[in-house]
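Here is how the chains run, residue by residue.
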Amino acid sequence: MIVMKFGGSSLESGEAIHRVTQIVKSELARKPVVVVSAMGKTTNRLLDLAAEAERGHSYFAWQILKELQEYHLEEASKVVSGGALDSLGDSLHRQFTQLCRLIFETSDDGKEFTPALKDEVASLGERVSSEIMAAAMQAAGINSFHLDSRKVILTDDKHTQATPQYWETYAKLRRVIPVLAADRTVVMGGFIGATASGATTTLGRGGSDLSASIVGAGVSAEEIQIWTDVDGMLSCDPRVLQGGYRLKCLSYDEATAM
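Note that this is a predicted model, so its numbers are computed, not measured.

Peer 1: I'd like to hear about the nonpolar core, residue by residue, with values.
Peer 2: Judged by nonpolar contacts, the single largest core of 40 residues is most densely connected at Leu11, Ile17, Val24, Leu49, Val121 and Met133. Mapped by element, the contributors of at least two residues to this core are strand 1 (2–6), helix 1 (14–25), strand 2 (32–36), helix 2 (42–54), helix 3 (58–76), helix 4 (82–108), helix 5 (115–122) and helix 6 (124–139). The leading source of residues in this core is helix 6, at 8 residues. Among all residues touching Ile17, those that are not within four sequence positions of it are Ser10, Leu11, Met39, Val79, Ile132, Met133 and Ala136. The next biggest cluster of nonpolar side chains, apart from the first, holds 17 residues, and it includes Ile153, Val186, Ile214 and Val219.

Peer 1: Just give me the short version of helix 3, but keep the residues and values in it.
Peer 2: With 19 residues, helix 3 extends 27 Å from end C-alpha to end C-alpha; this agrees with the ideal 27 Å at 1.5 Å per step. Lining the buried residues of helix 3 we find helix 1, helix 2, helix 4 and helix 6.

Peer 1: I'd like to hear about the layout of surface pockets, residue by residue, with values.
Peer 2: As a volume, the largest pocket reaches approximately 1,500 Å³. Contributing to the lining of the largest pocket are 38 residues, with Lys5, Asp209, Ile226, Thr228 and Val230 lying nearest its centre. Classifying every residue of the lining of the largest pocket by side-chain character gives 14 nonpolar, 15 polar and 9 charged.

Peer 1: How would you summarise the sheet that holds strand 2 if you had to cite specific residues and measurements?
Peer 2: In space, the 5 strands of this open sheet follow the order 3-4-2-1-7, with parallel pairing throughout. Edge positions in the open sheet fall to strand 3 (144–147) and strand 7 (223–227), since each of these has one partner strand only. Here the average twist between neighbouring strands, direction ignored, is 20 degrees. Across the sheet, helix 6 is in contact with strand 2, strand 3 and strand 4 (185–189); its angle to strand 4 comes to roughly 160 degrees.

Peer 1: Residues and numbers for the pairing of strand 2, please.
Peer 2: Counting buried residues along strand 2, 5 of its 5 residues qualify, which places the element largely inside the surrounding structure. Direction of pairing for strand 1 relative to strand 2: parallel, over a ladder of 5 bridges. Considered in strand 2, the bridge of Met4 is made with Val34. What joins strand 1 to strand 2 is helix 1, and the crossover it makes is right-handed. Bridge count for strand 2 against strand 4 is 4 bridges, and the pairing is parallel.

Conventions adopted
Residues numbered from 1 in each chain as written. Predicted model: local features only at pLDDT ≥ 70, side-chain atom pairs only at ≥ 80, totals over all residues. Heavy atoms only, no water. Core = buried A, V, L, I, M, F, W, Y, C linked by side-chain atoms within 4.5 Å. Buried < 20%, exposed > 50% of the residue type's maximum accessible area, 1.4 Å probe, protein only. Helix = DSSP H or I, 4+ residues; strand = E, 2+ residues; numbered from the N terminus. Contact = heavy atoms within 4.5 Å. Expected span 1.5 Å × (residues − 1). 1 Å grid on protein atoms, 1.4 Å probe; cavity = no way out; pocket = protein on both sides within 12 Å on 5 of 7 lines; lining within 4 Å. Points joined across faces, edges and corners; volume = space filled by probe spheres on them. Nonpolar A, V, L, I, M, F, W, Y, C, P; charged D, E, K, R; others polar. Pairing = 2+ DSSP bridges. Axes fitted to C-alpha atoms, helices over the stretch in contact; angles between N-to-C directions. Right-handed = clockwise from strand over helix to strand, strands pointing away.

None of the figures reported here should be taken as evidence of function without further support.
Okay, here's the thing in structure tokens:
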């Protein structure tokens, strides 16, 4: 069994999602578990939404949510069709509507925009991208199963920066994933988990890589693959300093230092 993690830029469009399905299809013999980030810049937009809602700008928050819903439905329609698209569209509409209602209820009642509510907002990207990815894989002929990460990634209650409860999470993963993966490809959202009481949490920015590592450790995967749209690890961030080069190998200590 292997874990394949795909970042947001690898899923930013229907065409990109199609490429990912073909990559996964090429590894089916190794029983991949697929972990995905939110599509494109969705998380940034959701954080913008949370900021607008916290300022009491409900209309601007609603507008961002509406744009995100239309974006996800449009890109999903490029890789899923027929009854499967209708079912997927209903699910996405329900999730966006529930979040919209929650935001408006908080704003209208003058309640505090809590870290727990921020996690509900920020987690939407991975929740819907994983559902779209599972449907796209099914449409591409890959027998897939969408697993809500909140059912298997247990964390503490430090919202927006939750810490996984590793051993409890490993136990859940070992009980659930091997059974599902026996004849299906499991698709999960990264970055998100839940407390023991079921409240949604997030692991902090970049948490999808951590999610993939946790899943890999939990199922004793032979390999964890982090797929991205750049050539590899560079000696410096090209957005900050030009002239860097690709590193052929890197130790864990060196990666931590970088």
